[in-house]
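Residues per chain are reported as follows:
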Amino acid sequence: MSAGTPPPEPLIRVRGLVNRFGRQTVHDGLDLDIRRGEILGVVGGSGTGKSVLLRSIVGLHRPSAGRIEVFGEDLLALPSVQRSRLERRFGVLFQQGALFTSLNLAENVALPLIEHAGLSRPEAEHLARLKLALAGLPANAADKYPDELSGGMIKRAALARALALDPEVLFLDEPTAGLDPIGAAAFDQLILTLRDALGLGVFLVTHDLDTLYTSCDRVAVLAQKRVLVADRLEVVAATDDAWIREYFHGPRGRAAQRAAELQETP
Ligand SMILES: Nc1ncnc2c1ncn2[C@@H]1O[C@H](COP(=O)(O)OP(=O)(O)OP(=O)(O)O)[C@@H](O)[C@H]1O
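Here is a short report on the structure shown in this document. (Residues numbered from 1 in each chain as written. Predicted model: local features only at pLDDT ≥ 70, side-chain atom pairs only at ≥ 80, totals over all residues. Heavy atoms only, no water.)

1. Structural notes on the packing of helix H3 (residues 105-117) against helix H5 (residues 151-162)
Thought 1: Direction vectors running N to C along H3 and H5 enclose 25°, while the axes themselves pass 8 Å from each other. With respect to H5, the axis of H3 lies roughly parallel. As for the relative orientation of H3 and H5, their crossing is right-handed in sense. Contacts between H3 and H5 involve Leu 105, Asn 108, Val 109 and Pro 112 from the first element and Ala 157, Ala 160 and Arg 161 from the second.
Thought 2: Each residue belonging to the contact of H3 with H5 can be placed in one class, and the counts come to 5 nonpolar, 1 polar and 1 charged. (Axes fitted to C-alpha atoms, helices over the stretch in contact; angles between N-to-C directions. Helix = DSSP H or I, 4+ residues; strand = E, 2+ residues; numbered from the N terminus. Parallel < 35°, antiparallel > 145°, perpendicular 65-115°, else oblique. Left-handed = near helix turned anticlockwise from the far one by under 90°. Contact = heavy atoms within 4.5 Å. Nonpolar A, V, L, I, M, F, W, Y, C, P; charged D, E, K, R; others polar.)

2. Let's talk about the sheet that holds strand S7 (residues 169-173)
Thought 1: Ordered by their spatial adjacency, 6 strands build an open sheet running S6-S7-S8-S3-S9-S10, and the pairing between neighbours is mixed. In the strand order of this sheet, the two ends are held by strand S6 (90-93) and strand S10 (226-231), each with one partner. Across the sheet, the mean angle from the axis of one strand to that of its neighbour is 15°, orientation sign disregarded.
Thought 2: Across 5 bridges, the pairing between strand S9 (residues 218-223) and S10 is antiparallel. Each bridged residue has a counterpart across the sheet, and for Ala 220 the counterpart in S10 is Ala 230.
Thought 3: Packing against the sheet, H5 makes contact with S6 and S7, and its axis sits at approximately 160° to S6. (Pairing = 2+ DSSP bridges.)

This is the structure:
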């Protein structure tokens, strides 16, 4: 995007979000936009509410207050049938992958297609095999069960399931956690490829600095119960805040930055 071009209309607009659990306030007036076609990295210290924010947007947690506009509609004000219809335009990949262990990969990915798109089992399993290939799995993986797979393959299968209903926004909760550095880099690349091919908006909760440097168009930092800053990485890294300094300019942050610079050098 050139300087001066207005940013695209957000797919999701969160305003004044409040989340409380008993006497603990996790979010207090949080604002955030997710734009079409962008990969938005969401970072913050442990317990700052990254997962609660994701769960609030995808409808798994009802916030204490605030407004969540999705594709221009007020999610929290909609009756549940209409809300579920909107939520079907999201794909969600949780940290643990959450596949059914008694089903093979094709059956796992076919499930939402049978339940929500009304496809027959053979149609759904055919489409599921295409989604598994899209997520970078070999053809023979479709007949395997989750306990026969490596951690990286499970993530890819869970991603295939998140893509089953052709979502417009993909939510990923620490997708590279537990992967070795080569597996993590390959997963980052896959997300970039899918974003480019499918024009997805991606909300990506991560602790992985390499992912931020290689994949994210913008980075939102959660601190002090809100989004402290959401901007391009250079702007975020230059923000005057103790956690940001420690995170981006500590040894791991410097190493990730150097690695990204080396990758860009022809
Ligand atoms: N269902 C719940 N009931 C009570 N407290 C909760 C619930 N869900 C989350 N919390 C609290 O909300 C806070 C934020 O949790 P959350 O999991 O969103 O943090 P996070 O930023 O994702 O952390 P991490 O980086 O460690 O995964 C934590 O203090 C957590 O204990």
